[in-house]
Amino acid sequence: QILSGHKNYVMVASYTPGTADIITASSDRTAKVWSRPSEGAQYACVQTLDGQSDTIMSMSVFEKEDGKTAAALGLFDGSIRVWAAKKGEAPAHFDLDCTLDGHRSSVNALTFDDSSRSLFSTSSDTTGRVWREV
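Reading the values: rules and limits
- Residues numbered from 1 in each chain as written.
- Predicted model: local features only at pLDDT ≥ 70, side-chain atom pairs only at ≥ 80, totals over all residues.
- Heavy atoms only, no water.
- Pairing = 2+ DSSP bridges.
- Helix = DSSP H or I, 4+ residues; strand = E, 2+ residues; numbered from the N terminus.
- Axes fitted to C-alpha atoms, helices over the stretch in contact; angles between N-to-C directions.
- Salt bridge = Lys/Arg side-chain N within 4 Å of Asp/Glu carboxyl O.
- Buried < 20%, exposed > 50% of the residue type's maximum accessible area, 1.4 Å probe, protein only.

1. Quick look at the sheet that holds strand β5 (residues 56–63)
Spatially, 4 strands are ordered β5-β6-β7-β8 in an open sheet, and the strand pairing comes out antiparallel. Two strands in the sheet have a free side with no partner beyond their single neighbour: β5 and β8 (94–100). The average undirected angle you get between the axes of adjacent strands in this sheet is 20°. Here strand β7 (residues 80–85) runs beside β8; their pairing, made up of 6 bridges, is antiparallel. Counted as the bridge partner of A84 is D95 from β8.

2. Points about the pattern of salt bridges
A complete count under the given rule lists 4 salt bridges for this structure. Taking the shortest distance from any N to any O, the salt bridge between D97 and K64 comes out at 2.6 Å. Residue D97 is located in strand β8, and its partner K64 is located in the loop between β5 and β6 (69–75); the two are separated by 33 residues in the primary sequence. Here D97 falls in the partly exposed class, since its relative accessible area comes to 34%.

3. With respect to the sheet that holds strand β1 (residues 10–15)
Within the open sheet, the 4 strands sit side by side as β1-β2-β3-β4. Their pairing is antiparallel. Single-partner strands in this sheet number two, and they are β1 and β4 (44–49). In this sheet, adjacent strand axes meet at a mean angle of 20° when their direction is disregarded.

It is worth stressing that arrangement in space is one thing and function is another; only the former is reported here.
Rendered as structure tokens:
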């Protein structure tokens, strides 16, 4: 199946933990949540996460300590926007949880460590950052 709907390059994609939902993120400054009602059914876009200030360059999808599923989006302008959805919602509905500022250039990679509950980001500003308790 082809998932289409973005207006520009799709930069990254990830499955969400514990579900078959997929999140795609694009240089059109949106991320899209794709879900299917049952095994074998076709995926459909169920939500567009918009309002990003710049191109989405990276993404990490993880489960937060409070049980919410989170999608951290690393932007070209150096900011990170974290969206979260309540556990067990089908399909998931994401709301903006927080914005992390600190990088001076593109956030090129994001990864989450379950044991320390920390998000790690790397940037074209030549730094890496550890964000605790995201």
